[in-house]
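Remarks on the overall topology
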Amino acid sequence: MKWVRDRFNVLSLSEGIQRLESGSLPERPLCITFDDGYADNYSVALPILADLGLTATFFVASGYLNGGRMWNDTIIEAIRLTSSAALDLGHVGLSEMPVAAVSEKREAISSILAKVKYLPGEDRLKAAERIARSAGVALPDRLMMTDAEVRALHGHGMEIGAHTVSHPILLNQCAEDAQTEIVDGKNALEKIIDAAVRLFAYPNGIPGQDYLADHVRMVRAAGYRGAVSTAWGAARSGDDIFQVPRFTPWDTAMWRFGLRLAQNIRREDYRIV
């Protein structure tokens, strides 16, 4: 974050979207975002951002606050904590997989998440819970933020955005359920922070695969003023402010981090539905 602060003009996402729309962005603009509402957003990210005078937007899935756990974390924690040598995963369309070594756990988690991600919401949850029972572990219940921590983020000048209630793949929802997720997540967060929530992040966020144009229209109609996808690329003049691209530079080596940022800025192949 020091590296980012020293090389970019870090804007709040609201300001970035407004200035993108008006054509008044400064040189090297950059916005920082976090998805889902994990507890480390408050305990780890906030102190770093505050110390460096940076702002960020936190997209929160409201239904998992105060002790909830996302389906993918149920799977991740079950595999991470299990002492079993192997797990029978036939019920999710996979064969028995070894999970003793760290490398085996990583491979199993990757395979399971890819298989389960696009199941209907209830089936996805049941699959995750069945895997947890098979793993025979006690799962953590302090992975996500509390209401008070979300309020504290907002109180420190950070932006709170909506990320639905239960983080479904919107494309897999009927229109009524998708709209409920989009609207109710906004309403819940507005009650928590006692302020308007104007930004939205599409769960999973790949255009055409996780959401469609109909969902973009729902987001507009719900009163949001901008939204972000997970299509890699850098926003340019004329882009849809309800489908702003983002990307995640996972690298820990600074030279790789910077190189990936530069490569992403040059991308022009991100898909917009």
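Along every chain, residues carry numbers that run from 1 in the direction the sequence is written. Reporting of local features is limited, given that this is a predicted model, to residues whose pLDDT is at least 70; pairs of side-chain atoms are given and counted only at 80 or more, and all residues count toward the totals for whole chains, interfaces and linings. Remark: hydrogens and water are excluded; side-chain values derive from all non-hydrogen atoms of the structure.

Structural notes on helix H6 (residues 121-135)
The end-to-end C-alpha distance of H6 is 21 Å, a good match for the 21 Å that 15 residues give at a rise of 1.5 Å each. Along H6, the positions that sit buried rather than exposed are Arg 124, Ala 127, Ala 128, Ile 131, Ala 132 and Ala 135. The buried residues of H6 all sit within an arc of 135° when viewed along its axis, so they share a single face. Away from its buried face, by an angle of more than 90 degrees, H6 presents the exposed residues Glu 122, Lys 126 and Arg 133. Gly 136, located one to two residues past H6, shows a positive phi value of around 65°. Secondary structure follows DSSP: runs of H or I at least 4 residues long count as helices, runs of E at least 2 residues long count as strands, and numbering of each begins at the N terminus. Helices are assigned an expected span. That span is 1.5 Å times one less than the residue count. For every residue, the accessible area (1.4 Å probe, protein chains only) is compared with the maximum for its type, and the residue is labelled buried under 20%, exposed over 50%, or partly exposed between those bounds. The reported arc concerns the directions from the helix axis to the C-beta atoms and nothing else.

A few points about unusual backbone geometry
Positioned with a positive phi, Thr 164 is a non-glycine residue whose angle comes to about 70°. On the secondary structure map, Thr 164 appears in the loop between strand E7 (159-162) and helix H8 (175-193). What makes Thr 164 buried here is its relative accessible area of 0%.

Points about helix H10 (residues 254-266)
End to end, H10 covers 19 Å across 13 residues, agreeing with the expected 18 Å (1.5 Å per residue, within 8%). Among the residues of H10, Phe 257, Gly 258, Leu 261 and Asn 264 are the ones counted as buried. In an axial view of H10, the angular spread of the buried residues amounts to 125°, which keeps them on one side of the axis. More than 90 degrees from the buried face of H10, the exposed residues found are Trp 255 and Arg 266. The contact definition used throughout considers only heavy atoms, calling two residues in contact when any of these lie within 4.5 Å. Looking at the buried side of H10, the elements it contacts are helix H1 (2-7).

Remarks on the pattern of salt bridges
Salt bridge, as applied in this entry: a Lys or Arg side-chain nitrogen positioned within 4 Å of an Asp or Glu carboxyl oxygen. One pass over the structure, following the stated rule, counts 11 salt bridges. Between Asp 251 and Arg 256 there is a salt bridge, with the nearest N and O atoms lying 3.2 Å from each other. Taken together, the shared-partner salt bridges in this structure form one network comprising Asp 251, Arg 256 and Arg 260.

A word on the packing of aromatic side chains
Between the rings of Phe, Tyr and Trp (Trp by its six-membered ring), a pair exists once the centres lie within 6.5 Å; its type follows the angle of the planes, with under 30 degrees stacked, over 60 edge-to-face, and the other angles tilted. Applying the stated rule across the entire model yields seven aromatic pairs. Taking the centre distance of 5.2 Å and the plane angle of 55° together, the rings of Phe 200 and Tyr 224 count as tilted. Here Tyr 224 lies in the loop between helix H9 (213-221) and strand E9 (226-228) and Phe 200 lies in strand E8 (residues 199-201), a separation of 24 residues in the sequence. Here Phe 200 falls in the buried class, since its relative accessible area comes to 0%. In textbook terms, an aromatic cluster arises when at least three aromatic residues are bridged by ring pairs, as seen for Phe 200, Tyr 202, Tyr 211 and Tyr 224. Lying across the ring of Tyr 224, Lys 186 places its NZ or CZ 5.7 Å from the centre. Charge-over-ring contacts are defined here by two conditions on Lys NZ or Arg CZ: a distance within 6 Å of the ring centre and an angle within 35 degrees of the ring normal.

Overview of the nonpolar core
For our purposes a nonpolar core is just a set of buried Ala, Val, Leu, Ile, Met, Phe, Trp, Tyr and Cys residues, chained together by side-chain atoms within 4.5 Å. Counting residues in hydrophobic clusters, the biggest one holds 47 residues, and the most contacted among them are Phe 200 and Tyr 202. Element by element, the count of residues in this core is highest for H8, at five residues. Those residues in contact with Tyr 202 that sit more than four places away from it in its chain are His 163, Leu 170, Tyr 211, His 215, Val 216, Val 219, Ala 227, Val 228, Ser 229 and Phe 242. One finds Trp 71, Leu 87, Ile 109 and Ile 112 within the second-largest nonpolar core, a separate group that totals 20 residues.

Points about the environment of Asn 204
Tracing the chain through its elements places Asn 204 in the loop between E8 and H9. Residue Asn 204 is classed as partly exposed on the basis of its relative accessible area, which comes to 21%. In contact with Asn 204, not counting residues within four places along its chain, are Lys 117, Tyr 118, His 167, Ile 169, Asp 210 and Thr 230.

Description of the environment of Pro 98
Here Pro 98 is to be found in strand E6 (residues 97-98). Placed 61 residues apart in sequence, Pro 98 and Gly 37 show a C-alpha to C-alpha distance of 31 Å.

Let's talk about a nonpolar patch on the surface
A grouping of Met 1, Val 44 and Ile 48 is seen on the molecular surface, where their side chains present a nonpolar patch of about 240 Å² in accessible area. Turning to its location among the elements, Ile 48 is positioned in helix H3 (residues 40-52). The class for Ile 48 is partly exposed, based on a relative accessible area of 41%. Each patch groups residues whose relative accessible area exceeds 30% and which form no salt bridge, using 9 Å between like charges and 5 Å between nonpolar side chains of Val, Leu, Ile, Met, Phe, Trp and Tyr. In these tables, accessible area is a Shrake-Rupley quantity obtained with a 1.4 Å probe, and a residue counts as shielded only by the protein chains included in the view.

Things to note about the pairing of strand E4 (residues 57-60)
Here E4 shows two buried faces, one formed by Thr 57 and Phe 59 and the other by Phe 58 and Val 60. One ladder, built from four bridges, connects strand E3 (residues 33-36) with E4; its direction is parallel. Bridge assignment links Thr 33 to a residue of E4, and that residue is Thr 57. By convention, orient the strands away from the viewer: a clockwise path from the first strand over the helix to the second makes the crossover right-handed. Traced from E3 through H3 to E4, the parallel crossover comes out right-handed. Only strands joined by at least two bridges in the DSSP assignment are considered to pair.

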